[in-house]
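Reading the structure
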Amino acid sequence: MDAILIPILVAAIVVIFLVATSVRIVPQARRYNIERFGRYRRTLQPGLNLVLPVADRVNTKLDVREQVYSSDPRPVITEDNLVVNIDTVLYYQITDPRSAAYEVADYLQAIDQLTVTTLRNVIGSMDLEETLTSREEINTRLRTVLDDATGKWGIRVNRVEIKAIDPPNTIKEAMEKQMRAERDKRAAILHAEGERQAKILTAEGTKQKDILEAQGTQQAMILRADGEAKAVERVFQAVHRNNADPKILAYKYLETLPHLANSENNTFWVIPGELTEAVRSVSSAFADHSTMGLPENVQSEEATSNDTTDDSATAEIESGPRNTAAAAADEVAKQAAAAVNNAKAEAEAARTPQVPGRGKPSTD
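Residues numbered from 1 in each chain as written. Predicted model: local features only at pLDDT ≥ 70, side-chain atom pairs only at ≥ 80, totals over all residues. Heavy atoms only, no water.

**A word on the confidence of the model for the protein chain**
Counted only if it meets this: Along the chain, pLDDT gives the predictor's confidence residue by residue, from 0 to 100. Note on contacts: a residue pair qualifies if any of its non-hydrogen atoms lie within 4.5 Å across the two residues.
A residue-level look at the protein chain finds 67% of positions with pLDDT of 70 or above and a mean pLDDT of 75. Low pLDDT, under 50, characterises residues 289–325; the stretch is placed with 36 contacts to residues that sit more than four places away or in other chains. Counting contacts from residues 354–364, a segment whose pLDDT is below 50, to residues more than four positions away or on other chains yields seven contacts.

What follows is the structure, given as structure tokens:
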């Protein structure tokens, strides 16, 4: 009985071993390269696969998903002989597992070395300033070269990115100073622009202020002139409507003369030639009223005295000082007032009856 069980157990173990070695389960996104007696046979796809036991074996297991490879910083010399350290990031994907396993020994090392040599060729034709500002161009050129070279390895390079470009410390300090100078320059320009705008706005405000003040002064002068014109027009109409006596006009003329010299803008004043005529007209006006009903000899005496007074007033006016307009105006006003007072006094004296035998008028 035991002799029968032992062969059965051995046969079962052999069958289990053969079944286990002939079945291969490949996960998703994985590829297995199968060799039969050391020669490539086929590539297993994801799922359940059967192989020959003992004859077939799995050589390489590859991941066909997109992968990321980051290289170490590598020194690169620019066109202006500056050494910069550049880090790159590579995004690649295996498209042919057989080529990736048999066309190149280590595809990651091959890609890394190819990236370094391509970088040195690309950066060697650029200066530092262009290197720092042309990352997109560097990435495009790297991707083109790597994609062409890795195509026969069964690898597709999807993207190549420059992770960092580190210039020497002295260059960094110089760049910082340059950037600080640029910022100071922009700040000074902005400050100057602000001051210019402020001055422009101030000038515009002053201009508008002057214009408005001038317009206000103009309107005030126009309104004042209109008022004076209307006042003169009314006076003129009143004079012509009431048929004023020339003697009243002469008296008003004398009243107006002192006001002409009181103005602040008058530095020179000329006494008109009609002044004596005006004084004579006023004096004769009072004399005419006072001599009504008097004897002819009294009227002739008063006329003689009035003529004498007018002549003396005229002589005094003509011989008076004319150094200043104000003094001349005051002198004329005084003489006119004196002439009027004399005329009034003579008129009152003519109205008072004379007592025979006495030199003074009666006070009754």
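**Quick look at the nonpolar core**
Test applied: We define a nonpolar core as any set of buried Ala, Val, Leu, Ile, Met, Phe, Trp, Tyr and Cys residues linked to one another through side-chain atoms lying within 4.5 Å. Buried residues are those whose accessible area, probed at 1.4 Å on protein chains only, stays under 20% of the maximum for their type, while exposed residues exceed 50% and partly exposed ones sit between those limits. A run of DSSP states H or I qualifies as a helix once it reaches four residues; a run of E qualifies as a strand once it reaches two. Both are numbered from the N-terminal end.
Counting 28 residues, the largest nonpolar core has I86, L90, L119, I138, I155 and I162 as its most contacted members. Elements with a contribution of two residues or more to this core: strand 8 (83–94), helix 3 (107–123), helix 5 (135–150) and strand 9 (155–166). Filtering out sequence-adjacent residues up to four positions away, I155 remains in contact with Y92, Q93, I94, T95, Y107, I111 and T150. Membership of the second largest hydrophobic core comes to five residues, among which are Y32, I34, L44 and V51.

**Re the pairing of strand 8**
As a reminder of what qualifies: A strand pair is defined by DSSP finding two or more bridges across the two strands.
Relative to strand 8, strand 6 (residues 67–70) runs antiparallel, the two being bridged by four bridges. Looking across to strand 8, one finds that V68 is bridged to Y91. Pairing geometry for strand 7 (residues 74–77) and strand 8, over four bridges, is antiparallel. What sits directly across from R74, in strand 8, is I86. Following strand 7, the chain reverses through five residues before pairing antiparallel with strand 8; N81 in that reversal takes a positive phi of roughly 60 degrees.

**Re the pattern of salt bridges**
Threshold: One side-chain nitrogen of Lys or Arg within 4 Å of one carboxyl oxygen of Asp or Glu is enough to make a salt bridge.
Summed over all chains, the structure comprises eight salt bridges. Residue R65 pairs with D63 through a salt bridge whose shortest N-O separation is 2.7 Å. Of the residues examined, D63 reaches a relative accessible area of 16% and is grouped as buried. Note that R196 is salt-bridged to E193, the shortest N-O span being 3.0 Å. Of this pair, R196 and E193 both sit in helix 6 (residues 169–242), separated by three residues, roughly a single helical turn. A single salt-bridge network, built from bridges that share partners, covers R30, D63 and R65.

**Digging into helix 3**
The test is simple: A helix is expected to reach a length of 1.5 Å times the quantity of its residues less one.
The first and last C-alpha atoms of helix 3 sit 24 Å apart over 17 residues, in line with the 24 Å expected at 1.5 Å per residue. Turning to helix 3, its buried residues are Y107, A110, I111, D112, L114, T115, V116, T118, L119, V122 and I123.

**What to know about the environment of G154**
Examined against the element boundaries, G154 turns out to sit in the loop between helix 5 and strand 9. Classification of G154 by relative accessible area gives buried; the value is 3%. Distance from G154 to Y107, taken between C-alpha atoms, is 9.6 Å for residues 47 residues apart in sequence. Every residue in contact with G154, bar those within four places of it in the chain, is listed here: Q93, I94, T95, D96 and S99.

**Some details on the packing of helix 3 against helix 5**
Under the convention used in this document: The convention used is that axes are lines fitted to C-alpha atoms, helices contributing only their stretch in contact, and that angles between N-to-C directions extend from 0 to 180 degrees. For classification purposes, an angle smaller than 35 degrees is called roughly parallel, one larger than 145 roughly antiparallel, one from 65 to 115 roughly perpendicular, and anything else oblique. We call a crossing left-handed when the near helix sits turned anticlockwise from the far one by less than a right angle, and right-handed when that turn is clockwise. Side-chain classes are defined by residue name, with Ala, Val, Leu, Ile, Met, Phe, Trp, Tyr, Cys and Pro counting as nonpolar, Asp, Glu, Lys and Arg as charged, and the others, Gly among them, as polar.
As a packed pair, helix 3 and helix 5 sit with axes 10 Å apart at the nearest point and diverge in direction by 140 degrees. In this view, helix 3 runs oblique relative to helix 5, as classed from their interaxial angle. The element helix 3 and its partner helix 5 pack so that their crossing is right-handed. From helix 3, I111, L114, T115, T118, L119, V122 and I123 reach across to helix 5, where they touch I138, R141, L142, V145, L146, A149 and T150. A per-class count over the contact of helix 3 with helix 5 returns ten nonpolar, three polar and one charged.

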